[in-house]
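# Structural characterization, general
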Amino acid sequence: EEMRLEERFDAHIDAGDFIEAKDWMPEHYRKTLVRQISQHAHSEIVGMLPEGNWIGRAPTLKRKAILLAKVQDEGGHGLYLYAAAETLGTSRDQMFDALHSGRAKYSSIFNYPTLTWADMGTIGWLVDGAAIMNQVPICRCSYAPYARAMIRICREESFHQRQGYEALLTMMTHGTAAQKAMVQDAVNRWWWPSVMMFGPPDDQSPNSAQSMRWGIKRFSNDELRQKFIDATVEQARILGVTLPDPDLKWNEERQAHDFGAIDWSEFWRVIGGDGPCNRERLQARVDAWEEGAWVREAATAHANKQPMKEAA
Ligand code: FAQ
């Protein structure tokens, strides 16, 4: 029986069909999705912190309204994604517990500090730019609830990317020399961590082969990284900043850019918990959870009273 179900599942995948929550699926497929979707959700929620730091320091009312909207969107993305993961039979409490105890990962990128206002524009341009490159293919992920969540998320991410690029363009075209230098400094600091967001090289990516086979991933980590670099070079030129990689150059034969060696030891250190802000980020989430306990208790008490009221 199990064999027949698995054959039918594989045939659906091969035909490019979507899998719905109630459909039969192999246990490993379910586990892989819970891992990826919950980590993605955690990334959105932890990703609110670096930018949240700047809401009170935005230079104008317009920039503050935009940043506030962006950070709220990220909270919303986290919620769609937790809901998508819940359809696989994992509770939100279990997912939060995995995050708070350090068992679950979230994107390496959010363990870097946001030192200046130019970091806000640079996160929009590079971090959201990388996120879009990675996430547009997930709109066609074989697991339908994840794919549907990604469609809404990608529309909002493209606003996030544009607001960042526009903020940097304003500083680069109308700014003082000090503001232009601030943009270049931010790009220097965020470039390599952004390139690392796509994950380890294909030959060191244990999950890729199976996830590609199942249509969870549509492109490999290295393929997406290359597409991101190729798209970003021209944007950097228009902006008037340099990307901090002396080996970055167009390769006519490959019709793609060659680029310098990535410091993978830094990547593994950061995802292992030892990046510049890992402790601070995790502590902020744990504190928010603990300080919010009374809200959860009050909401539960309120919900418990509802049937009593109806009965009365
Ligand atoms: N950070 O075998 P693979 C955003 C882990 S965008 C941390 O290649 P996989 C928007 C990986 O989990 C950021 N860990 O794994 C935003 C695995 O460990 P595990 C979130 C990483 O899953 C913008 C191990 O390394 N986007 O939030 C990273 O096939 C601005 C081996 O790697 C997503 O999550 C990393 N960068 O491929 C918000 C997209 N890379 O789990 C606020 C969905 C790898 O076995 C502000 N996820 N690892 O313990 C994916 O596409 C995939 O999960 C990858 C990794 C591509 C991230």
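No experiment lies behind these values; they were computed from the predicted model shown.

## Side note on the overall build of the chain
The number of helices and strands found in the chain is 13 helices and two strands. The C-alpha atoms of the chain give 21 Å as radius of gyration, which agrees with the globular expectation for 312 residues (20 Å, within 12%). Dimensions along the principal axes, computed over C-alpha positions, put the chain at roughly 70 × 50 × 35 Å. About 15900 Å² of surface is accessible on the chain, with carbon and sulfur atoms providing 56% of the total. One way to put it: in the chain the 36 positive side-chain charges average out to a point 4 Å from where the 43 negative ones average out.

## A word on the confidence of the model for the chain
Keep in mind that low pLDDT regions are not for reading the predicted coordinates in detail. Per-residue pLDDT for the chain averages 96, and the proportion of residues at 70 or more is 99%. Of the two predicted TM-score estimates for the complex, the pTM is 0.96 and the ipTM is 0.98.

## Examining the layout of surface pockets
Taken as a whole, the largest pocket spans an internal volume of roughly 1100 Å³. Forming the boundary of the largest pocket are 45 residues, of which Q39, S107, N134, M197 and F198 lie nearest the centre. Mapped by element, the contributors of at least two residues to the lining of the largest pocket are helix 2 (27-46), helix 4 (61-86), helix 6 (118-135), helix 7 (144-174), helix 9 (208-213), helix 10 (221-239) and helix 11 (264-274). Top element by residues in the lining of the largest pocket is helix 6. It accounts for seven residues.

## Re the nonpolar core
In globular proteins that are soluble, nonpolar side chains generally tend to be buried together. Formed by 44 residues in total, the largest nonpolar core has its most connected members in W125, V183, W190, W191, F228 and V241. Residue assignment for this core shows that the elements contributing at least two residues are helix 4, helix 6, helix 7, helix 8 (177-196), helix 10 and helix 11. Tallying contributions element by element places helix 8 first for this core, with eight residues. Other than its neighbours up to four places away in sequence, V183 contacts A118, L168, M171, M172 and V241. Counting 28 residues, the second-largest nonpolar core is a separate cluster that includes L81, A84, F96 and W214.

## Comments concerning the pattern of salt bridges
Per the counting criterion, the structure on display carries 17 salt bridges. R254 is the salt-bridge partner of D258, the closest N and O atoms lying 2.9 Å from each other. Taken together, the salt bridges that share partners define one network made up of E51, K70, E74 and D128.

## What to know about the environment of R35
Here R35 lies in helix 2. On the basis of relative accessible area, R35 is assigned to the partly exposed category, the value being 30%.

## Some words on the site of the ligand
With respect to spatial proximity, 35 residues lie near the ligand, and among them R35, K105, S108, S205 and K217 are the closest. Here an oxygen atom of the ligand sits 3.1 Å away from a polar atom, N or O, in the side chain of Q39. For the ligand, the accessible surface in isolation is 1100 Å², of which the surrounding protein chains cover 91%. Among the detected pockets, the ligand sits in the largest pocket. When residues of the shell around the ligand are assigned to their parent elements, the largest contribution, six residues, is made by helix 2. Of the residues belonging to the shell around the ligand, the class tally is 13 nonpolar, 13 polar and nine charged.

## Details of the packing of aromatic side chains
For the coordinates displayed, the defined rule picks out twelve aromatic pairs. An aromatic cluster of three or more residues is present, and its members are F9, W24, Y29 and W214. Seen from the ring of W54, R57 lies directly overhead, with NZ or CZ sitting 3.8 Å from the centre. Positioned above the aromatic ring of W289, the side-chain terminus of R296 is 3.5 Å from the ring centre.

## Observations concerning empty space enclosed by the protein
The gaps left among the atoms become clear once a water-sized probe is rolled over them. Under the criterion given, the structure shown has one cavity of 30 Å³ or more. Estimated volume of the largest cavity: approximately 50 Å³. When residues of the lining of the largest cavity are traced back to their parent elements, those giving at least two are helix 4, helix 6 and helix 7. Among the residues forming the lining of the largest cavity, the class breakdown is four nonpolar, two polar and one charged.

## So, the environment of Q226
Along the chain, Q226 turns up in helix 10. A relative accessible area of 15% places Q226 in the buried class. Ignoring sequence-local partners within four residues, the contact set of Q226 consists of R254, A256, H257 and F259.

## Concerning the side chain of N111
Within the secondary structure, N111 sits in the loop between helix 5 (92-100) and helix 6. Side chain to side chain, N111 and Y106 meet in a polar contact 2.6 Å long. In contact with N111, not counting residues within four places along its chain, are Y106, V270, G275, P276, C277, N278 and R281.

## Let's talk about the packing of helix 6 against helix 10
Two elements in contact, helix 6 and helix 10, have axes separated by 10 Å at closest approach and are oriented at 145 degrees. Relative to helix 10, the crossing made by helix 6 is right-handed. In contact with W125, L126, G129, A130, M133 and N134 of helix 6, helix 10 contributes L224, K227, F228, A231, T232, Q235, A236 and L239. Residues of the contact of helix 6 with helix 10, tallied by class, amount to nine nonpolar, four polar and one charged.

Rules and cut-offs
Residues numbered from 1 in each chain as written. Predicted model: local features only at pLDDT ≥ 70, side-chain atom pairs only at ≥ 80, totals over all residues. Heavy atoms only, no water. Helix = DSSP H or I, 4+ residues; strand = E, 2+ residues; numbered from the N terminus. Rg over C-alpha atoms; globule rule 2.2 N^0.38 Å. Areas by Shrake-Rupley, 256 points an atom, 1.4 Å probe, with all protein chains shown as cover. Lys, Arg positive; Asp, Glu negative; His and termini not counted. Charge placed at Lys NZ, Arg CZ, Asp CG, Glu CD. pLDDT = per-residue confidence, 0-100. 1 Å grid on protein atoms, 1.4 Å probe; cavity = no way out; pocket = protein on both sides within 12 Å on 5 of 7 lines; lining within 4 Å. Points joined across faces, edges and corners; volume = space filled by probe spheres on them. Core = buried A, V, L, I, M, F, W, Y, C linked by side-chain atoms within 4.5 Å. Buried < 20%, exposed > 50% of the residue type's maximum accessible area, 1.4 Å probe, protein only. Contact = heavy atoms within 4.5 Å. Salt bridge = Lys/Arg side-chain N within 4 Å of Asp/Glu carboxyl O. Near = heavy atom within 4 Å. Polar contact = N/O pair within 3.5 Å; in protein donor to acceptor, adjacent residues only side chain to side chain. Sits in = over half its atoms within 2 Å of the grid points. Nonpolar A, V, L, I, M, F, W, Y, C, P; charged D, E, K, R; others polar. Phe/Tyr/Trp six-rings, centres within 6.5 Å; stacked < 30°, edge-to-face > 60°. Lys NZ or Arg CZ within 6 Å of the ring centre and 35° of its normal. Axes fitted to C-alpha atoms, helices over the stretch in contact; angles between N-to-C directions. Left-handed = near helix turned anticlockwise from the far one by under 90°.

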